[in-house]
Amino acid sequence: QVQLVESGGGLVQAGDSLRLSCAASGLTFRLYVMGWFRQAPGKEREFVAAISRSAGSTNYADSVKGRFTVSRDNAKNTVYRQMNGLKPEDTAVYYCGANRLNIKTTMNQYDYWGQGTQVTVSS
């Protein structure tokens, strides 16, 4: 059974930093591209970032470029996202996902999803 478990969310103030983790089990982690998405209240889920199998390539949404960094540790079956300079508009439930395609894969082509972790940024 594949499981993706996000952690590290919480309530922070604007300008703060936060690091999210997503631990994977039940799959051969190194074979999967890992992505981060988010869903704000009343909005559709949107792409945030993705990282290739070997961590050699990354892809970021324009809204987070320069503030968010995605990384992974294949030995620990874990993908991370460092978020700096958080803004109130970053408030959302953040999900990690896994796909066998590439870092530009659309949301509907992801194979597995975590349950999400809430990030709330106060102004």
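Residues numbered from 1 in each chain as written. Predicted model: local features only at pLDDT ≥ 70, side-chain atom pairs only at ≥ 80, totals over all residues. Heavy atoms only, no water.

Novice: Teacher, can you tell me more about the state of the cysteines here?
Specialist: A covalent bond between the sulfur atoms of two cysteines is referred to as a disulfide. Inspection of every chain in the model, using the stated rule, returns 1 disulfide. One disulfide bridge connects C22 with C96, the sulfur atoms lying 1.9 Å from each other. What sets the handedness of the C22 and C96 disulfide is the S-S torsion sign, and at about 45 degrees it is right-handed. A residue pair is termed long-range when its members are at least 10 positions apart, and C22 in strand 3 (residues 18-25) and C96 in strand 9 (residues 92-99) qualify at 74 residues. On the accessibility criterion, C22 (0% relative accessible area) is buried. (Disulfide = S-S within 2.5 Å. Helix = DSSP H or I, 4+ residues; strand = E, 2+ residues; numbered from the N terminus. Buried < 20%, exposed > 50% of the residue type's maximum accessible area, 1.4 Å probe, protein only.)

Novice: Even after reading the chapter, I still don't get unusual backbone geometry, so can you show me in this structure?
Specialist: In this structure, A55 is a non-glycine residue whose phi angle is positive, near 70 degrees. In this fold, A55 is placed in the loop between strand 5 (46-51) and strand 6 (58-60). For A55, a relative accessible area of 36% translates into the label partly exposed. Phi is positive for N77, close to 55 degrees, though the residue is something other than glycine. Within the fold, N77 resides in the loop between strand 7 (68-73) and strand 8 (78-83). You can call N77 partly exposed: its relative accessible area is 25%.

Novice: Looking at this structure, how should I read the side chain of T105?
Specialist: Within the element layout of this structure, T105 appears in the loop between strand 9 and strand 10 (112-113). Relative accessible area serves as the criterion here: at 6%, T105 is assigned to the buried category. Reaching out from T105, the side chain makes a polar contact with the side chain of N99 at a distance of 3.2 Å. Within the structure, the side chain of T105 is placed 2.7 Å from the backbone oxygen of N102, a separation counted as a polar contact. Aside from chain neighbours lying at most four places away, what touches T105 is N99 and Y110. (Polar contact = N/O pair within 3.5 Å; in protein donor to acceptor, adjacent residues only side chain to side chain. Contact = heavy atoms within 4.5 Å.)

Novice: Which parts of the structure should I look at to understand the pattern of salt bridges?
Specialist: Pairs may arise between side chains of opposite charge once their charged atoms sit close together. On inspection of all chains with the given rule, the structure shows 4 salt bridges. For R38, the salt bridge goes to E46, with nearest N and O atoms at 2.7 Å. Note on R38: relative accessible area 6%, which makes it buried. Note that D90 and R38 form a salt bridge whose closest N and O atoms lie 2.9 Å from each other. Of the two residues, D90 is situated in the loop between strand 8 and strand 9 and R38 in strand 4 (residues 33-39); the sequence distance between them amounts to 52 residues. Neither residue differs from the other here; D90 and R38 are each classed as buried. Among the ionic contacts, a cluster of salt bridges with common partners joins R38, E46, R67 and D90. (Salt bridge = Lys/Arg side-chain N within 4 Å of Asp/Glu carboxyl O.)

Novice: I tried to follow the environment of Y110 on my own but got confused; where do I start?
Specialist: Mapped onto the elements of the fold, Y110 is located in the loop between strand 9 and strand 10. On the basis of relative accessibility, which here comes to 7%, the residue Y110 falls in the buried class. Considered as a pair, Y110 and S123 are 13 residues apart in the sequence and their alpha carbons are 33 Å apart. Those residues in contact with Y110 that sit more than four places away from it in its chain are M34, G35, F37, A50, G97, A98, N99 and T105. Of the polar contacts made by the side chain of Y110, one reaches the side chain of N99; its length is 3.4 Å.

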